[in-house]
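# Fold and contact review
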Amino acid sequence: MAADAQWRGAAFEGDRVALEKLAQAGAKVVRVYRESDAWVLDDAQRLGMRVVMGLWVAHPRHGFRLDDANAVRQQEQAIRAFVLRYRNHPALLAWGIGNEVETGEADPLPVWREVDRLAGIVKALDPKHETLMVVPDGGPEHLKRLADCCPNVDRLGINLYAGAAFNLPQRVRNAGIRKSVVVTELGPLGQWQAGRKPWGAPVEPTSSEKAAFFRDALAYLQSDPAIGGVFPFLWGAKQEQTETWHGLLLADGSLTAMTDALSAAWGRPVEAAAPVIRGIGIAADAFAPAAEISAGVDALSFDNSPLRTEWKVVAEARDLRLGGDNEAVPPQVPVHVLQADVRAVRFVAPSEPGAYRLFLTIRDRLGKAATANLPFLVR
């Protein structure tokens, strides 16, 4: 496959405004995860995009049992009905069957065989569109087992993060995988990979660091003919460890340096770039209750115009889930702010011992945003 034939777009969870912003950024394909996102088909057609339409396959870790014949039959019937309803939609590009269904399973093969069986049913109902299965990135043996396991799957989707992007093509070749491989989620350093503070809090990259990753990883992956598509994760906002770790947009829809990097990779470089964070810092890692805390940021707007910084303290997330499952948003913690401006903040530490994060959101005059956070401990 020629590099210019790659599927280029993003993994999507958002509203119609977010989808319009994705099209404006130059995306040609959008990947959605489940049948409830079927509305994207009509909107994508209007916006000139195609859709990899997700067919959700229940996960054993959520209680689904492959030996429950009734549950298996009901799932199959629901997928059959959905495919029959949408198989002739002009925006449909391919069917994405499941997403990391094997997460938590010691042996992934039974789940993969079920996904392949469902892919065969989808192909029989709709031979005009390709089938795609999606797995998490794994080691060499994991990839080798995928090489020949699923004949009804036309393309293999792999969700991968950080440096794994830069050796994926070679690992695919070493594993003997001959079908087209799609990076179904491309993300920067994940919370499970990041360095940690002594109390266990992972350190999130800044939006500028994430943007640099997307710039380099997309350039690399888009140049390799073995890669059939790349979907950065996630065009939308999502609570996962933090409210900003994986979202390419903010919760209010603000564009970021990450969306700028994607737009450039899709052939639409922006003129007014999001703010750049050149450095962040906090006075210490740990503080006594009610102690004074100071922190700062060095940031720059694209035209040297004034920026504004929003500061807030949030409790460290406790509702941590596997595989991107929905997490509860941790509460914002009210603190007494002594002084705050675009570059620095001084505030009184929470009185309750525990783990916290100081979040900063920097906005320019056009509304684009940069984000960072600093974990700290009260003890």
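Above this text sits the structure in question.
Residues numbered from 1 in each chain as written. Predicted model: local features only at pLDDT ≥ 70, side-chain atom pairs only at ≥ 80, totals over all residues. Heavy atoms only, no water.

### Notes on helix α7 (residues 207-222)
What counts here: Numbering of helices and strands runs from the N terminus, with a helix taken as a DSSP run of H or I at least four residues long and a strand as a DSSP run of E at least two residues long. The span expected for a helix works out to 1.5 Å for each residue beyond the first. A simple rule labels every residue: compare its accessible area, found with a 1.4 Å probe on the protein chains alone, to the largest value its type can have, and call it buried under 20%, exposed over 50%, or partly exposed in between. Should any heavy atoms of two residues lie within 4.5 Å, those residues are considered in contact.
The terminal C-alpha atoms of α7 lie 22 Å apart, and with 16 residues this matches the ideal 22 Å at 1.5 Å per residue to within 8%. Turning to α7, its buried residues are S207, S208, K210, A211, F213, F214, A217, L218, L221 and Q222. Packed against the buried residues of α7 are β1 (7-11), β7 (180-187), β8 (227-232), α8 (257-265), β9 (276-282) and β17 (369-378).

### Digging into the sheet that holds β9
To keep it simple, the criterion reads: Strands are treated as partners if at least two bridges between them are detected by DSSP. Axis definition: a line fitted to C-alpha atoms, over the contacting stretch in the case of helices. Angles run 0 to 180 degrees between N-to-C directions.
What the 4 strands build is an open sheet, ordered β9-β11-β15-β14; its pairing is antiparallel. Each edge of the sheet is formed by a strand with only one pairing partner; in this case those strands are β9 and β14 (337-340). Here the strands of the sheet are splayed against their neighbours by 10 degrees on average, with no regard to which way each runs.

### Quick word on the pairing of strand β6 (residues 155-161)
Selection rule: Assignment of crossover handedness uses the view with strands pointing away from the viewer, where a clockwise path from the first strand over the helix to the second indicates a right-handed crossover.
Among the 7 residues in β6, 7 count as buried, and that is most of the element. Covered by surrounding structure in β6 are R155, G157, N159 and Y161 together with L156, I158 and L160, the residues of both alternating faces. Regarding the hand of the β-α-β motif, the stretch spanning strand β5 (residues 130-136), helix α5 (residues 140-146) and β6 is right-handed. Bridge count for β6 against β7 is 7 bridges, and the pairing is parallel. Pairing of Y161 across the sheet is with G187, part of β7. In this fold, the crossover linking β6 to β7 by way of helix α6 (residues 168-175) has right-handed handedness.

### A closer look at the nonpolar core
Applied cut-off: In these notes, a set of buried Ala, Val, Leu, Ile, Met, Phe, Trp, Tyr and Cys residues joined through side-chain atoms within 4.5 Å is what counts as a nonpolar core.
L22, W95, L186 and W235 are the most contacted members of the largest nonpolar core, which has 74 residues in total. Sort the elements by how many residues they give to this core and helix α4 (residues 109-125) lands first, with 9 residues. In this structure L186 touches L160, A165, F213, F214, A217, L218, L221, V230, F231, P232 and F233, once residues within four positions along its chain are discounted. Within the second largest apolar cluster, 24 residues are counted, among which are A299, F347, L360 and A370.

### Concerning the packing of aromatic side chains
Going by this rule: The criterion for an aromatic pair is that two Phe, Tyr or Trp rings (for Trp, the six-membered ring) have centres within 6.5 Å, with stacked assigned to planes under 30 degrees apart, edge-to-face to planes over 60 apart and tilted to the rest. Remark: a charge is flagged as sitting over a ring if the NZ atom of Lys or the CZ atom of Arg is within 6 Å of the ring centre and within 35 degrees of the ring normal.
Per the stated rule, a full pass over the model turns up 13 aromatic pairs. Their ring planes at 40 degrees and their centres at 4.6 Å tell us that F82 and Y86 sit as a pair that is tilted. On the criterion of helical spacing, the pair formed by F82 and Y86 is a turn pair, its members being 4 residues apart in helix α3 (residues 69-86). The burial state of F82 is the same as that of Y86; both residues are buried. By way of ring pairs, the aromatic residues F166, F213, F214 and Y220 are connected into one cluster. In this structure, R31 packs its charged tip against the face of Y33, placed 4.2 Å from the ring centre. Over the aromatic face of W7 sits the side chain of R155, whose NZ or CZ is 3.9 Å from the ring centroid.

### Looking at the packing of α3 against α4
Each pair of packed helices gets described by two things: the angle between the helix axes and the distance between those axes. Put simply, the test is: A crossing counts as left-handed when the near helix is turned anticlockwise from the far one by less than a right angle, and as right-handed when that turn is clockwise. Think of it as three bins: nonpolar holds Ala, Val, Leu, Ile, Met, Phe, Trp, Tyr, Cys and Pro, charged holds Asp, Glu, Lys and Arg, and polar takes everything else, Gly as well.
Contact geometry of α3 with α4 gives a least axis separation of 10 Å together with a crossing angle of 30 degrees. Between α3 and α4 the crossing geometry is right-handed. On α4, the residues that touch V72, Q75, E76, I79, R80, V83 and L84 of α3 are E114, R117, L118, I121, V122 and L125. Partitioned by chemical class, the residues of the contact of α3 with α4 number 8 nonpolar, 1 polar and 4 charged.

### Regarding the layout of surface pockets
Short version of the rule: The method works on a 1 Å grid over the protein atoms by themselves. A cavity is a set of points holding a 1.4 Å probe that cannot get out, a pocket is an open set with protein on both sides within 12 Å along at least five of seven lines, and residues with an atom within 4 Å of a point line them. Grid points are joined across faces, edges and corners, and a volume is the space filled by probe spheres set on the points.
As a volume, the largest pocket reaches approximately 800 Å³. Looking at the largest pocket, it is lined by 34 residues, and the ones nearest its centre are E100, E240, L322, G323 and G324. It is β6 that contributes the most residues to the lining of the largest pocket, 3 residues altogether. When grouped by side-chain class, the residues that make up the lining of the largest pocket number 10 nonpolar, 12 polar and 12 charged. Of the pockets and cavities examined, the second largest pocket occupies roughly 280 Å³. Taken together, 17 residues make up the lining of the second largest pocket; nearest its centre are E243, T244, L250, K312 and T361. At the level of secondary structure, the elements contributing two or more residues to the lining of the second largest pocket comprise β12 (308-315), β16 (354-363) and β17. No other element matches β16, which puts 4 residues into the lining of the second largest pocket. Across the lining of the second largest pocket, the residue classes break down as 7 nonpolar, 4 polar and 6 charged.

### Description of the pairing of strand β3 (residues 50-55)
Most of β3 sits inside the fold, with 5 of its 6 residues counted as buried. Pairing between strand β2 (residues 29-31) and β3: 3 bridges, direction parallel. Residue V29 lies in a different strand from β3, and its bridge partner there is R50. In this region the chain leaves β2, passes through helix α2 (residues 39-47) and returns to the parallel neighbour β3; the handedness of that crossover is right-handed. Examined bridge by bridge, β3 and strand β4 (residues 92-97) share 5 bridges and lie parallel to one another. Bridge pairing links M53 to W95 in β4.

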